[in-house]
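Commentary on secondary and tertiary structure
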Amino acid sequence: YGGADIFLMPSKFEPWGKEQLISLRYGTVPVVRETGGLADAVKQFNFRTKKGNGFLFSEYFPFELLKVIRVVIDTYKNRSVWNRIILNGKEITFYIKKVREITGKTNFNFWHVEHLIKSGLINPKQRGKGIPREFSQKDLDIVKERLLGK
């Protein structure tokens, strides 16, 4: 991850997606299909607002992948924009570190848990289905209160 400029993950289905988080941590810009955990962590870069940390494509067709790769290559040539995308991506790793700091759990991955809860696949009180055994509803409440303002 650390020696690459671009991380390509054109998954048809990806419920978790740790790899894109690792790529963001190392400053490797992710290019992913908009599905599951990939879409949760990677946000399309917007050239007007300068927000976003990677590139997405939605349809699982080679032509769609080729279109986004062309945009990525053109963007890569503009180093100031490319560096902005890298910095935007590192904000996610700061966010995950902050969640871990607040909850005191080193194996806690907010993106995985939040994705499962939002999609209705688990109840926060369940154990053993993507939630670390020591994770509790109280932990989620702390995260929502301190980071999300809820």
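Quick caveat, the model's predicted, so the values are computed rather than measured.

**Quick word on the overall build of the protein chain**
Summing up its helical and strand segments, the protein chain has six helices and three strands in all. For the protein chain, the N- to C-terminal ordering of α and β elements is β-α-β-α-β-α-α-α-α. Taking all contacts inside the protein chain whose residues are at least 6 apart in sequence as the whole, residues at least 24 apart take part in 50%. Just so you have it, the protein chain exposes about 8,800 Å², and 54% of that area is on carbon and sulfur atoms.

**A short note on the environment of Gly 2**
Counting through the fold element by element, Gly 2 comes out in the segment before β1 (6-9). The exposure class of Gly 2 is exposed, given its relative accessible area of 53%. As for Gly 2 and Ser 23, which are separated by 21 residues in sequence, their C-alpha atoms are 7.5 Å apart. If we ignore the near neighbours within four places in the chain, the residues touching Gly 2 are Tyr 26 and Thr 28.

**Description of a nonpolar patch on the surface**
Residues Tyr 1, Ile 22 and Tyr 26 make up a contiguous nonpolar surface patch of about 300 Å² in total accessible area. Judged by its relative accessible area of 40%, Tyr 1 falls in the partly exposed class.

**A look at the sheet that holds strand β3 (residues 55-57)**
The pairing of strands in a sheet comes from backbone hydrogen bonds and takes either a parallel or an antiparallel form. Across the sheet, which stays open at both edges, the three strands sit in the order β1-β2-β3 with parallel pairing between neighbours. Here the strands that pair on one side only, and so sit at the sheet edges, are β1 and β3. Strand after strand, the sheet turns through a mean of 15° between neighbouring axes, direction not considered. With three bridges joining them, strand β2 (residues 29-33) and β3 adopt parallel strand pairing. The partner of Val 31 across the bridge, within β3, is Phe 55.

**A few points about the pattern of salt bridges**
The full count for this structure, using the stated rule, is two salt bridges. Two residues, Lys 67 and Glu 64, come together in a salt bridge whose shortest N-O distance is 3.4 Å. Taken together, the residues span about one helical turn, with Lys 67 and Glu 64 both in helix α3 (residues 62-76) at a distance of three residues. Linking Lys 77 and Asp 74 is a salt bridge whose minimum nitrogen-to-oxygen distance equals 3.9 Å. Across this residue pair, the class does not change: Lys 77 and Asp 74 are exposed.

**Concerning the nonpolar core**
Across soluble globular proteins, nonpolar side chains have a tendency to be buried as a group. Among the nonpolar cores identified, the biggest contains twelve residues, and these are Val 29, Val 31, Phe 45, Phe 55, Phe 57, Leu 65, Val 68, Val 72, Val 81, Trp 82, Ile 85 and Ile 86. Only β2, β3, α3 and α4 (79-103) provide two or more residues apiece to this core. With four residues, the single largest contributor to this core is α4. Ignoring anything within four residues of it in the chain, the contact list for Val 72 reads Ile 6, Val 31, Phe 55 and Trp 82. Membership of the second largest hydrophobic core comes to six residues, among which are Met 9, Val 32, Val 42 and Leu 56.

**As for unusual backbone geometry**
A positive phi is found at Lys 50, a non-glycine position, where the angle reads about 65°. Residue placement: Lys 50 occurs in the loop between α2 (36-41) and β3.

**Some remarks on the packing of aromatic side chains**
Going through the model one piece at a time under the given rule, you end up with three aromatic pairs. Both rings, one in Phe 45 and one in Phe 47, keep their centres 5.1 Å apart while their planes meet at 90°; by these two values the pair is edge-to-face. For Phe 47, a relative accessible area of 40% gives the class partly exposed. Geometrically, the ring pair formed by Phe 55 and Trp 82 is stacked, given 6.4 Å between the ring centres and 20° between the ring planes. You can see Phe 55 sitting in strand β3 and its partner Trp 82 sitting in helix α4, a full 27 residues away along the chain.

Rules of the game
By convention here, each chain's residues receive numbers from 1 onward along its written sequence. With pLDDT at 70 or above as the cut-off, local features in this predicted model cover only qualifying residues; side-chain atom pairs require 80 or more to be listed or tallied, and sums for whole chains, interfaces and linings still use all residues. In computing side-chain properties, one takes all heavy atoms of the structure into account and sets aside hydrogens as well as water. By definition, any uninterrupted DSSP run of H or I lasting at least four residues is a helix, any uninterrupted run of E lasting at least two residues is a strand, and each is numbered from the N terminus. Any two residues whose heavy atoms approach within 4.5 Å are treated as being in contact. Where accessible areas are quoted, they stem from the Shrake-Rupley method and a 1.4 Å probe; at the residue level, only the protein chains shown are allowed to cover. Burial classification: accessible surface area is computed with a 1.4 Å probe over protein chains only, and a residue below 20% of its type maximum counts as buried, one above 50% as exposed, and the rest as partly exposed. What goes into a patch is any residue over 30% in relative accessible area without a salt bridge, connected to like charges within 9 Å or, for nonpolar side chains (Val, Leu, Ile, Met, Phe, Trp, Tyr), within 5 Å. What makes a salt bridge here is a side-chain nitrogen of Lys or Arg within 4 Å of a carboxyl oxygen of Asp or Glu, nothing more. Note on pairing: two strands pair once DSSP finds at least 2 bridges between them. Fitting a line to C-alpha atoms yields each axis, with helices limited to the stretch in contact; the angle taken between N-to-C directions then spans 0 to 180 degrees. What we call a nonpolar core is a set of buried Ala, Val, Leu, Ile, Met, Phe, Trp, Tyr and Cys residues that are connected through their side-chain atoms within 4.5 Å. Aromatic rings from Phe, Tyr and Trp, with only the six-membered ring used for Trp, were paired whenever their centres fell within 6.5 Å, and each pair was classed as stacked if the ring planes differed by under 30 degrees, edge-to-face if by over 60, and tilted otherwise.

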